[in-house]
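Inside the fold
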Amino acid sequence: MAIRRKRNYSPNDKDQNQQNKVNAQIRAREVRLVGDNVEQGIYSIQEALKIAEDQQLDLVEIAANAEPPVCKVLDYQKFLYQQKKKAKERKANQIQTTVKEVRFGPRTDDHDYNFKLKHAIGFLEDGNKVKAYVFFRGRSIIFKDQGELLLLRFASDLEAYAQVEQMPTLEGKRMSMLFSPKKGIAKKK
């Protein structure tokens, strides 16, 4: 059996969780002890440290505000590893939405329009938001009413797949409109 060396964790430890005090850092005179293979109850700090040392584990303060503070006998490195693993899983399970852009000109042809509509439907089915915009170059700004009609036509064609999040707005030389996918439309990945 390998002998595990007891480690006193310093406050400057990089991997130490700020709220958990370990072993010699615990300053209370009495603690309520919990954990596996431990008789639960109130012990003096010396007794609690001795119990943890006998099991070759650490004494970790888990509820500092309780009277007396609650401490648990466990392997602190394993505890930190499990916390990091759970945080990583939570981060992986978060749904990240991205905004895909579809660009039109004020005089976009029907074939190009249908091609971009097909791409927008694919983006929405993947769960992404779509920002459709008409870019006006030079003097084409005089056709802004055509650009608005084009975006409204695009909105009506996407009605089964998306809901309008933002109506057409003109920002400089761009008129844009934002769509978000409807609830039941996204494909399973």
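Here we summarise the structure given alongside this text. Model, not experiment: these values are computed from the prediction.

So, how was this worked out
- Residues numbered from 1 in each chain as written.
- Predicted model: local features only at pLDDT ≥ 70, side-chain atom pairs only at ≥ 80, totals over all residues.
- Heavy atoms only, no water.
- Core = buried A, V, L, I, M, F, W, Y, C linked by side-chain atoms within 4.5 Å.
- Buried < 20%, exposed > 50% of the residue type's maximum accessible area, 1.4 Å probe, protein only.
- Helix = DSSP H or I, 4+ residues; strand = E, 2+ residues; numbered from the N terminus.
- Contact = heavy atoms within 4.5 Å.
- Pairing = 2+ DSSP bridges.

A few words now on the nonpolar core. Counting residues in hydrophobic clusters, the biggest one holds 20 residues, and the most contacted among them are F104, F154, L158 and F179. For this core, the secondary structure elements donating two or more residues are β5 (99-104), α3 (110-125), β6 (129-135), α4 (144-157) and β8 (174-181). Ranked by the residues each element gives to this core, the list is headed by α3, at five residues. Dropping the residues within four chain positions of it, L158 is found in contact with L117, A120, I121, L124 and F179. Of all hydrophobic cores here, the second largest spans 12 residues; its members include I26, Y43, A48 and A52.

The peptide bond linking E67 to P68 adopts the cis configuration, its omega dihedral lying at -10 degrees. Mapping P68 onto the fold places it in the loop between β3 (58-63) and β4 (70-74). Here Q56, not a glycine, exhibits a phi torsion of approximately 55 degrees, which is positive. If you trace the backbone, Q56 turns up in the loop between α1 (45-54) and β3. What makes Q56 partly exposed here is its relative accessible area of 27%.

So, on to the pairing of β8. Most of β8 sits out of view: six of its eight residues are buried. One ladder, built from seven bridges, connects strand β7 (residues 162-171) with β8; its direction is antiparallel. By the bridge assignment, V164 is partnered in β8 with F179. Between β7 and the antiparallel strand that follows it, β8, lie two residues; G172 among them carries a positive phi value of about 65 degrees.

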